[in-house]
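What follows is each chain in one-letter form.
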Amino acid sequence: MDWTPSSVIGWLFDSRNGPSDRFLSRWIFLRALGAIYFSAFFSLVFQIRGLIGPEGILPAGEYLKSVAEQVGHARYWYVPSVLWFSSGSYMLAGLCWVGMAAAVFLVLNLWPRGMLVVCFVCFLSFVSAARDFSGYQSDGMLLEAGFLSLFLSPGGLRPGLGEKQPPVRAAFYLLLWEWFRIYFESGVAKMTSGDPEWRNFTAMDDYYQNGPLPTWIGWYVQHFPHWFHGATAFLTLALELVLIWLAFLPRRFRIALFFVVTPWQIGIILTANYTFLNYLVLILAFLLLDDRFLMRFFPRQWKGPLLDLPLTSAGPPHSPAIDQLLVLAPPSSPSIDEAPASSDASRDAWQKIRFWLAPLRVALTAVLFLWIFYASTAQMLWMIISAPLPTSPVALLDPFRIANRYGLFAVMTRGRYEIEFQGSNDGQTWTAYPFRHKPQETSKPPRIYAPYQPRLDWNLWFASLGEWRDNPLVLRTQRRLLSSDPDVLALFAANPFPQAPPRQVRAVLWQYWFTSMAEKREHGLWWRRELLGLYAPAVRLEPGGKIGVTQWPEPMPPHE
């Protein structure tokens, strides 16, 4: 082994020295990542105008104008988005359609590297400008994985398996590092939050009922005996804090870990709607597998090119000094092996340019990846100890969401609360606006629709756990309903006031519970609910376009 600095840098950051036993897992991962990107953009097509359009709940143009006034030209760094050029309805729709098209091409393996750039830029543009509608950990997970995949993917228009273009080894490791952190930091967050439910193994007792958007399978699992929920809580902590470390052990342990986490994630997908989050965590686990394991599941014609490839060693290979110079500093002239086969002068010039730029490319890749690793590691350490580490590198990288901190379900919710918007023309009879996805009708079974993400429904679940003053999107939604804005109405299942907008709109708070098995058999109901009262002020539209309050909410007992 040659462990000189130049050899290690070349081994980690030069794609020519990448692993030669991860082509099949890379192929699977990139195709699945394209499908996840597609699901993200597909769900936005039907919502983006109502969420952040010019007449939406939280207009992107309004936010961008405020940022520009506060930070000036630095706005392009702190809010990286193509919506700076335009945030109109056509631009927002185009952002989604371009992202969907790029995702389809990525699934079809057409210029994967270019399509990953397009997907990343389009999704980051939405996330940066969407404020409350994009503050989810799943969005950061996708952006981090999407960015690192740029260095994992092969170049070319139709690269196939890309057996002649190994991935950058450091990109492969950082993707596994992201996957590890999703689990481990979630376990750390549970233990450091002080929530007694995790320490007492009661966290799962009402989990399936109180999560953001349950499923009908979760309804049945909720009725399993307490010992099952206690065992599930214990196994969750064991997986996130202990078993996940198998990812750093030899091959047989990694494969065993894959067969633990994969059914685990499938179980979560079936019992709860967490958008594309669990799908992304599931496909990241495929990077634990090597070609030797996966080859048995692929057609015979795929195996030929891979069988001729040399196996990679566990460390940096011994290479002569000239090989080190190829990475860190170009020699005085290219070797015969590096000379282009064609005698075409332009092609020869391009090959020389690429040859001389290779050290710069490797150096920039090394700096960027070390920056990402530092930012993500520092945030993980801060969850455990107050380490005196520099914060500026973390803050500078934060707007791009490519080095995130995770921590799923650190504190479990004790009850299920739902905000419902109602309209009225007389202030006495109130009619509810029907939602598309979140619980409302007690006889309607909760459905499975992930990876589709209804962002308004999702945000209202979070808002229901706090007060209306801390969640301005509730009053903003009421204001849009008073004028029957079509983009906002499209976020609902129907418009109960098709002829004219209601004169008043209010938001009320319900508490929901799953029915018992006996109640469901007797009455056919999946839910029972109780009205807690007015969540936010009831409002009406005054002459001149001003908003008037017709009723203020009474203080409610604490709920979480």
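Rules and cut-offs
- Residues numbered from 1 in each chain as written.
- Predicted model: local features only at pLDDT ≥ 70, side-chain atom pairs only at ≥ 80, totals over all residues.
- Heavy atoms only, no water.
- Helix = DSSP H or I, 4+ residues; strand = E, 2+ residues; numbered from the N terminus.
- Buried < 20%, exposed > 50% of the residue type's maximum accessible area, 1.4 Å probe, protein only.
- Contact = heavy atoms within 4.5 Å.
- 1 Å grid on protein atoms, 1.4 Å probe; cavity = no way out; pocket = protein on both sides within 12 Å on 5 of 7 lines; lining within 4 Å.
- Points joined across faces, edges and corners; volume = space filled by probe spheres on them.
- Nonpolar A, V, L, I, M, F, W, Y, C, P; charged D, E, K, R; others polar.
- Axes fitted to C-alpha atoms, helices over the stretch in contact; angles between N-to-C directions.
- Parallel < 35°, antiparallel > 145°, perpendicular 65-115°, else oblique.
- Left-handed = near helix turned anticlockwise from the far one by under 90°.
- Expected span 1.5 Å × (residues − 1).
- Pairing = 2+ DSSP bridges.

A. Representation of the environment of C119 within the structure. Within the secondary structure, C119 is located in helix α7 (residues 112-129). We classify C119 as buried; its relative accessible area is 0%. Residues C119 and G135, spaced 16 residues apart in sequence, show a C-alpha to C-alpha distance of 19 Å. Those residues in contact with C119, other than ones at most four positions away along the chain, are Y37, F41, G99, A102 and A103.

B. Looking closely at empty space enclosed by the protein. Inspection of the entire model under this criterion finds one cavity of 30 Å³ or more. In terms of lining residues, the largest cavity is bounded by R26, W27, L30, R31, N109, P154, G160 and L161. Considering only residue class, the lining of the largest cavity consists of four nonpolar, two polar and two charged.

C. Layout of the packing of helix α6 (residues 89-107) against α7. The contact between α6 and α7 brings their axes to 8 Å, and the two run at 150°. By the angle between their axes, α6 is roughly antiparallel relative to α7. Between α6 and α7 the crossing geometry is left-handed. Only P112, M115, L116, V118, C119, C122, S125 and F126 of α7 make contact with α6, whose side of the interface consists of L95, V98, G99, A102, A103, F105 and L106. In terms of residue class, the contact of α6 with α7 is built from 13 nonpolar, two polar and no charged.

D. Main features of helix α13 (residues 226-241). Between its first and last C-alpha, α13 extends 23 Å over 16 residues, near the 22 Å set by a 1.5 Å rise per residue. All of the buried residues in α13 are H229, G230, T232, A233, T236, L237, A238, L239 and E240. If you follow the buried residues of α13, they end up packed against α9 (169-192), α10 (196-199), α11 (207-210), α12 (216-222) and α14 (251-271).

E. Region of interest: the pairing of strand β3 (residues 504-514). Most of β3 is tucked away, with ten of its eleven residues classed as buried. Alignment of strand β1 (residues 416-424) against β3, held across nine bridges, turns out to be antiparallel. Note that in β3 the partner of Q422 across the bridge is R506. Bridging between β3 and strand β4 (residues 527-541) involves ten bridges; their strand directions are antiparallel. Residue pairing across strands places Q511 opposite E530, the latter belonging to β4.

F. Just helix α22 (residues 472-482), in detail. For α22, every residue scored as buried is listed here: L473, V474, T477, Q478, R480, L481 and L482. At its buried positions, α22 is contacted by β1, α21 (455-464), α23 (486-489), β3, β4 and β5 (547-551). Where α22 terminates, the next one or two residues include S484, which has phi positive at roughly 50°.

G. Representation of unusual backbone geometry. Note the cis peptide between A450 and P451, where omega equals 15°. Among the secondary structure elements, P451 is positioned in the loop between β2 (431-432) and α21. The backbone of W111 sits at a positive phi, close to 45°, despite the residue not being glycine. With respect to the secondary-structure elements, W111 resides in the loop between α6 and α7. Of note, the phi angle at R401 is positive, near 55°, even though the residue is not glycine. The residue R401 is located in the loop between α20 (392-397) and β1 in this model.

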